[in-house]
Each structure stands twice: as C-alpha cells, then as structure tokens.
Amino acid sequence: MKTASTWLITGASSGLGYDLAEYVLSQGHEVVLAARTESVMHDLAARYPATSLVVAVDVADPTQRQNLIDRTHERFGKIDYLVNNAGIDFLGAIEEQHEADYRKVFEVNFFAAVALLRLALPAMRARRSGMIVNVSSMDGIASLPGNAFYSASKFALEGLTESLWQEIEPTGLKAVLVEPGSFLTGIDARTHFSGELLPDYDATSGSFFRAMQNVAELSDVMFPGDPKRAARVIFEQLTGDPSVHRIILGSDAMARIGAKIDDLQGDYDASRLIANTTDFVRV
Ligand code: NAP
C-alpha cells in the first residue's frame, strides 16, 4: 500500500479548497484544513478523524501562519503538498478603488502565500521532498478591465512561482501553478469592491461589475467550471508527478490563455525589427 501523503490546504472552508480537501481525504491521504471559518471544516474533518486536522487561521496574520505550520508538523511530521489556495476576489476600475482595500488583496493572494511557502520550505528541503502548489487563475496570465488588482496579485504569484521552481527543483522539490477559469464556488458572492463607480468606466470595468451583480442568471455562461471535477483533476495531476509547471483548468481558461499567447506572439513579432537596434554598438 502507498504511504499517505500530507496536504496543507489553505482556504479549505469553501469552494475549490474545500472540494480538494474532501477529495484528498477520500483518497486516504492526510489533510490540514486551514481557513478562518471553522464549522464547515470541522464537519468535513469529523468524517476523517484519523487523517485530518482543522486549524483556524487568517493567512494574513504572521503569528497564525507560524502556528499553522507548527501544528501541521506536530500532527503529521511533514508537509508533502502545501496548497496556497486561500484567495479573495476584487472588482472595479483601478482609479475607483481605495488603496487600503487593494493592498489587502495582495496580503492574502500574494504575501500570505509567499510567507507560508517560506515557512514550509526548510523542512521540505531537509527531506528533499515536497511540492508547493500556488493557486493562481487565468487572470494570472491575462487581465481584464475591472480586474486589475486581483489579476496583479495573481501575476505576482505567477512570477514568484516561476522563480521558485527554478530555485527549488535542483534540491528535489517541485512548484506548480494551478490556473483555473471561472468555477462556481460562490466566490462571486464574496467579491470585494471599494470606492465609487466612475461613469467614464461604465463601458469597460462597469460592464464587468454589472455582470457580477447578475451572476445568478448568468452563472452557466460566466462560471462553466465545476469545482468538484476540478478537485479530482488537481489531485490526479499533482500526484501523477507532473512534468508541467502550470495546470490550466476550464474551457474558458484555455480560451483566454490561448488568446493571451497569441497577443504576446503578435507583440513579440512586431518588436523583432526594433528590439535588437537598442543594444550598444560595440566596435
Ligand atoms: P471561495 O469559495 O471564496 O474560497 C476562498 C477560501 O479562501 C475560503 O475558504 C476562505 O475562507 C479563504 N480565505 C479568504 N481569505 C482568507 C484569509 N485571510 N485567511 C484564511 N483563509 C482565507 O473561493 P474559490 O473560488 O474556491 O477560490 C479558491 C482559489 O481559487 C482562490 O485563490 C481564487 O483566487 C482561485 N480562483 C478561483 C476561481 C473561481 O472562479 N472560483 C477562478 C480562478 C482562481 P474563510 O473566509 O473561511 O477564511
């Protein structure tokens, strides 16, 4: 029989994190469920008392992050998969938003993930084993009007993770990005917004904002993704010793990331004639 692996999953009280935790537990592995809302996680953990641990944590709090890592090591002795999944959505034009609010997006979506992986890495390096899984988004590759701060936080996570895998893979560890499209998790109901809507952005950011107010009617179109199916695919991809660094999930993510690749290729081709003309001319 294969030995159980240990998963630390943040944002396990809801959505993709909850469904992944449930699927991993159903496969006989150990899971630490971490988020602020404890009741849902305790209900799930009660079904798997021997292989689960619930830790209430605000990932934006340094002391609570350290406690999370310590309690995971105390209970299971190791972390095989750190899944930085906790995230918050944020919507609105760049000019409309309050600075304190968009900084919070980075605290949860980027800085907390960085801090947690930095806390997990020493023990992983000592064992020469472990995987950092950073849940990004199709928005971490391609941005939209009204989506700047959320996208920027995920772009930051992408950039960091791309460095990370180059740094840690020579030590036997692995880092992977998960890039979901829109999955019907209820994240839309928790989407943050601040400031006042400005009429000049009505046709761009404003139309996205209105669509998000109307999600109940548009959910089939706006959220094609089934989080339970995503959980299974994520588990299979991660445990299947992935050779890729990015796992794209959802037909909408494939389309949007494909369009970004085309856009990038167009700009790259257009720069061919000028890019090399800016080097020093050395004789
Ligand atoms: P969700 O249902 O809203 O779940 C978000 C989870 O993050 C919750 O468990 C929440 O728990 C946790 N969380 C938020 N702030 C936290 C904090 N300060 N400390 C600890 N936990 C915190 O969202 P989801 O759709 O499953 O999203 C999961 C991940 O996938 C996110 O990183 C998101 O950006 C990404 N993603 C989602 C979609 C989508 O369409 N659903 C698309 C692309 C990427 P508590 O509130 O209980 O703390």
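In this text, all values refer to a predicted model and were calculated from it rather than measured experimentally.

Rules used throughout
- Residues numbered from 1 in each chain as written.
- Predicted model: local features only at pLDDT ≥ 70, side-chain atom pairs only at ≥ 80, totals over all residues.
- Heavy atoms only, no water.
- 1 Å grid on protein atoms, 1.4 Å probe; cavity = no way out; pocket = protein on both sides within 12 Å on 5 of 7 lines; lining within 4 Å.
- Points joined across faces, edges and corners; volume = space filled by probe spheres on them.
- Helix = DSSP H or I, 4+ residues; strand = E, 2+ residues; numbered from the N terminus.
- Nonpolar A, V, L, I, M, F, W, Y, C, P; charged D, E, K, R; others polar.
- Buried < 20%, exposed > 50% of the residue type's maximum accessible area, 1.4 Å probe, protein only.
- Near = heavy atom within 4 Å.
- Polar contact = N/O pair within 3.5 Å; in protein donor to acceptor, adjacent residues only side chain to side chain.
- Areas by Shrake-Rupley, 256 points an atom, 1.4 Å probe, with all protein chains shown as cover.
- Pairing = 2+ DSSP bridges.
- Axes fitted to C-alpha atoms, helices over the stretch in contact; angles between N-to-C directions.
- Contact = heavy atoms within 4.5 Å.
- Salt bridge = Lys/Arg side-chain N within 4 Å of Asp/Glu carboxyl O.
- Core = buried A, V, L, I, M, F, W, Y, C linked by side-chain atoms within 4.5 Å.
- Left-handed = near helix turned anticlockwise from the far one by under 90°.

K.L.:
What should I look at first to understand empty space enclosed by the protein in this one?
P.N.:
To locate leftover empty space, one rolls a probe as large as a water molecule over the atoms. Summed over the entire model, instances satisfying the criterion amount to two cavities of 30 Å³ or more. Put simply, the largest cavity is a space of about 60 Å³. Lining the largest cavity, in full, are Ile9, Leu16, Gly17, Leu20, Val83, Asn85, Val135, Val178 and Ile234. Looking at the lining of the largest cavity, the element that brings in the most residues is helix H1 (residues 15-26), giving three residues. For the lining of the largest cavity, the residue count by class is seven nonpolar, two polar and no charged.

K.L.:
So what exactly am I meant to see when it comes to the layout of surface pockets here?
P.N.:
Reported here for the second largest pocket is a volume of approximately 290 Å³. Lining the second largest pocket we find 15 residues, and of these Ser5, Asp80, Tyr81, Leu238 and Thr239 sit closest to its centre. By residue class, the composition of the lining of the second largest pocket is four nonpolar, seven polar and four charged.

K.L.:
Even after reading the chapter, I still don't get the environment of tyrosine 81, so can you show me in this structure?
P.N.:
Locating tyrosine 81 in the fold gives a position in strand E4 (residues 81-84). The exposure class of tyrosine 81 is buried, given its relative accessible area of 12%.

K.L.:
What am I meant to see in the site of the ligand here?
P.N.:
Inspection of the region around the ligand gives 29 residues, with Ser14, Thr37, Tyr150, Thr185 and Arg190 positioned closest. Note that an oxygen atom of the ligand is positioned 2.5 Å from one of the side-chain N or O atoms of threonine 185. Summarising the interface, the protein chains cover 94% of the accessible area of the ligand, which totals 880 Å² for the free molecule. Residues belonging to the shell around the ligand are distributed by class as follows: 13 nonpolar, 12 polar and four charged.

K.L.:
What am I meant to see in the sheet that holds strand E3 (residues 52-56) here?
P.N.:
Hydrogen bonds between backbone groups are what pair the strands of a sheet, and the pairing can be parallel or antiparallel. Strand order in the open sheet made by the seven strands is E3-E2-E1-E4-E5-E6-E7, with parallel pairing throughout. In the strand order of this sheet, the two ends are held by E3 and strand E7 (246-249), each with one partner. Taking the axes of each pair of neighbouring strands and ignoring which way they run, one obtains an average angle of 15 degrees across the sheet. Both E4 and strand E5 (residues 131-135) contribute to a ladder of four bridges, which runs parallel. From the neighbouring strand, asparagine 84 faces E5, where its bridge partner is asparagine 134. With respect to the sheet, helix H2 (residues 38-46) is in contact with strand E2 (30-35) and E3, its orientation differing from that of E3 by roughly 170 degrees. The strands touched by helix H8 (residues 227-239) are strand E1 (6-10), E4, E5, strand E6 (174-180) and E7; relative to E7, the strand with the most contacts, the crossing angle is about 160 degrees.

K.L.:
I tried to follow the pattern of salt bridges on my own but got confused; where do I start?
P.N.:
One side chain can pair with another of opposite charge once the charged atoms of both are near each other. If you walk through the whole model with that rule in mind, you get 13 salt bridges. Between lysine 104 and aspartate 101 there is a salt bridge; the shortest N-O distance is 3.8 Å. Taken as a pair, lysine 104 and aspartate 101 lie in helix H4 (residues 99-127) at a separation of three residues, close to a single helical turn. For arginine 232, the salt bridge is made with glutamate 236, and the minimal N-O distance between the two is 3.2 Å. In this pair, arginine 232 and glutamate 236 both sit in helix H8, four residues apart, roughly one turn of the helix. Glutamate 236 gets classed as partly exposed once you look at its relative accessible area, which sits at 39%.

K.L.:
Honestly, the nonpolar core in this entry has me stumped. Any pointers?
P.N.:
A general tendency of soluble globular proteins is for nonpolar side chains to be buried together. Trp7, Ile9, Leu20, Val31, Leu33, Val83 and Leu238 are the most contacted members of the largest nonpolar core, which has 32 residues in total. For this core, the leading source of residues is H1, giving seven residues. In this structure, valine 83 is in contact with Trp7, Leu8, Ile9, Thr10, Leu20, Val133 and Val135, ignoring residues within four places of it in sequence. One finds Ala34, Val57, Ile79 and Leu177 within the second-largest nonpolar core, a separate group that totals 31 residues.

K.L.:
I'm lost on the side chain of serine 182 in this one. Help?
P.N.:
Looking at where serine 182 falls in the secondary structure, it is placed in the loop between E6 and helix H6 (205-213). If sequence neighbours within four positions are ignored, serine 182 has contacts with Met138, Met222, Phe223, Pro224, Gly225 and Asp252.

K.L.:
Got a minute to help me understand the environment of leucine 173 in this structure?
P.N.:
Looking at where leucine 173 falls in the secondary structure, it is placed in the loop between helix H5 (148-168) and E6. Between the alpha carbons of leucine 173 and methionine 124 there is a distance of 7.4 Å; along the sequence they are 49 residues apart. When neighbours within four sequence positions are excluded, leucine 173 is seen to be in contact with Leu121, Met124, Arg125, Arg128, Ser129, Gly130 and Ile168.

K.L.:
What is the right way to read the packing of helix H3 (residues 62-76) against H4 from this model?
P.N.:
Axes are the key here: two packed helices are described by the angle between their axes and the distance separating the axes. H4 packs onto H3 with a crossing angle of 35 degrees between their chain directions and a minimal axis gap of 10 Å. For the element pair H3 and H4, the recorded crossing hand is right-handed. Residues Arg65, Gln66, Leu68, Ile69 and His73 of H3 form the contact with H4, whose own contacting residues are Ala112, Ala115, Leu116, Leu119, Ala120 and Ala123.

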